[in-house]
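Here's the letter readout for the chains.
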Amino acid sequence: ESDAGDYTCVCGDKQSTASLAVHALPVLFKEELKNEEVQEGTSVSLRCELTKAAPVQWKIGSRVLKASDKYQMRQLGTTAELFIHDLEVKDA
C-alpha cells in the first residue's frame, strides 16, 4: 500500500503521469492454532502464523487477554505467540 501514489516519467520538457492504487490482500492464517493438552501447574505456548504481519488480539471466550505475569504475548513478523504460565483447570 505504501507504493501507491502518482508516478511521473520525465523526458526533457515532456512528462507523463499515472496514478497507482494498491489494494491490500486480506490477512489469512498460514498456520492455525493447534489444540493442546497439558498438566496443571505447567506452562503452554500457543502459536499461529499469518500470511503477512498484522496486529493480533488474544482472547479466551469473549474476554480479551492483557499481558500479565500469567499471560505473555509475543509477535515477531508474521508469527504470534501466547504464553500461559502456571496453568489452572479454569484456564481450559
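See the structure above.
This one's a predicted model, so the numbers in the text were calculated from it and none came from an experiment.

(A) Looking closely at the overall build of the chain. Assigned secondary structure in the chain consists of 0 helices and 8 strands. Reading the chain from its N end, one meets helices and strands in the order β-β-β-β-β-β-β-β. The C-alpha radius of gyration computed for the chain amounts to 22 Å, which surpasses the reference 12 Å derived for 92 residues by more than 25%, pointing to a less compact arrangement than a globule. Viewed in the frame of its principal axes, the chain has a C-alpha envelope of about 75 × 25 × 20 Å. By residue count, 20% of the 92 residues in the chain fall in the buried class. Residue pairs in contact within the chain that sit at least 24 positions apart in sequence constitute 38% of those at least 6 positions apart. Split by element, the accessible area of the chain, about 7500 Å² in all, is 52% carbon and sulfur. Charge centroids of the chain, computed over 11 positive and 15 negative side chains, lie 3 Å from each other.

(B) Just unusual backbone geometry, in detail. The phi dihedral of D86 is positive, around 50°, even though this residue is not glycine. Examined against the element boundaries, D86 turns out to sit in the segment after β8 (79–84). Classification of D86 by relative accessible area gives exposed; the value is 51%.

(C) The sheet that holds strand β3 (residues 29–31), seen in detail. The 4 strands lie next to each other as β3-β4-β8-β7, forming an open sheet whose pairing is antiparallel. Among the strands making up the open sheet, the edge pair consists of β3 and β7 (71–76). Adjacent strand axes in the sheet meet at a mean angle of 30° when their direction is disregarded. Bridge count for β7 against β8 is 6 bridges, and the pairing is antiparallel. By the bridge assignment for β8, Q72 is matched with F83.

(D) Quick peek at the nonpolar core. Formed by V44, L46, C48, W58, L65, Y71, A80, L82, I84 and L87, the largest nonpolar core amounts to 10 residues. Mapped onto this core, the elements with two or more residues apiece are β4 (44–50) and β8. Beyond its immediate sequence surroundings of up to four residues, L87 is in contact with V38, Q39, E40, G41, T42, S43, V44 and K70.

(E) Expanded view of the state of the cysteines. In this structure the tally under the stated criterion is 0 disulfides. C11 supplies the cysteine sulfur nearest to C9, a cysteine that is in no disulfide, at a spacing of 7.0 Å.

What counts, and at which threshold
Residues numbered from 1 in each chain as written. Predicted model: local features only at pLDDT ≥ 70, side-chain atom pairs only at ≥ 80, totals over all residues. Heavy atoms only, no water. Helix = DSSP H or I, 4+ residues; strand = E, 2+ residues; numbered from the N terminus. Rg over C-alpha atoms; globule rule 2.2 N^0.38 Å. Buried < 20%, exposed > 50% of the residue type's maximum accessible area, 1.4 Å probe, protein only. Contact = heavy atoms within 4.5 Å. Areas by Shrake-Rupley, 256 points an atom, 1.4 Å probe, with all protein chains shown as cover. Lys, Arg positive; Asp, Glu negative; His and termini not counted. Charge placed at Lys NZ, Arg CZ, Asp CG, Glu CD. Pairing = 2+ DSSP bridges. Axes fitted to C-alpha atoms, helices over the stretch in contact; angles between N-to-C directions. Core = buried A, V, L, I, M, F, W, Y, C linked by side-chain atoms within 4.5 Å. Disulfide = S-S within 2.5 Å.

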